[in-house]
Amino acid sequence: MDKELIAMLVCPVSHSELTFDRERNELKSSVSGLAYPIRDGIPVMLEKEARVMTTEEKLGKAAPAP
């Protein structure tokens, strides 16, 4: 995912910055606790499509793979 694009996007819920999780192919907001999927190279920035992050993910700790 392009770093410049990530820098321009914000979480639609919290308006906070997002981080790219290459392993899960998601954009994550630790403030809102949501992870937005990237499908076919396009970020899906809809709250209803987002995955709720685990407590460990929100705190920046390593979480087990799904």
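Scroll up to find the structure.
Residues numbered from 1 in each chain as written. Predicted model: local features only at pLDDT ≥ 70, side-chain atom pairs only at ≥ 80, totals over all residues. Heavy atoms only, no water.

Peer 1: Got a minute to help me understand the overall build of the protein in this structure?
Peer 2: Across its full length, the protein holds 2 helices and 5 strands. In sequence order, the secondary structure elements of the protein are arranged as α-β-β-β-β-β-α. Seen through its principal axes, the protein has C-alpha atoms that stretch 25 × 25 × 20 Å. For the protein, the exposed surface amounts to about 4,600 Å²; the carbon and sulfur share of it is 53%. On the protein, the mean spot of the 9 positive side-chain charges and the mean spot of the 11 negative ones are 4 Å from each other. (Helix = DSSP H or I, 4+ residues; strand = E, 2+ residues; numbered from the N terminus. Areas by Shrake-Rupley, 256 points an atom, 1.4 Å probe, with all protein chains shown as cover. Lys, Arg positive; Asp, Glu negative; His and termini not counted. Charge placed at Lys NZ, Arg CZ, Asp CG, Glu CD.)

Peer 1: Looking at this model, I keep getting lost on unusual backbone geometry. Mind explaining?
Peer 2: When glycine is set aside, most residues are seen to have a negative phi, and most peptide bonds are trans. Backbone geometry places His 15, a non-glycine residue, at a positive phi of 60°. One can find His 15 in the loop between α1 (3–8) and β1 (19–21). Non-glycine residue Asn 25 carries a positive phi angle of around 55°. Position of Asn 25 among the secondary structure elements: in the loop between β1 and β2 (26–29). Asn 25 sits in the partly exposed class, given a relative accessible area of 33%. (Buried < 20%, exposed > 50% of the residue type's maximum accessible area, 1.4 Å probe, protein only.)

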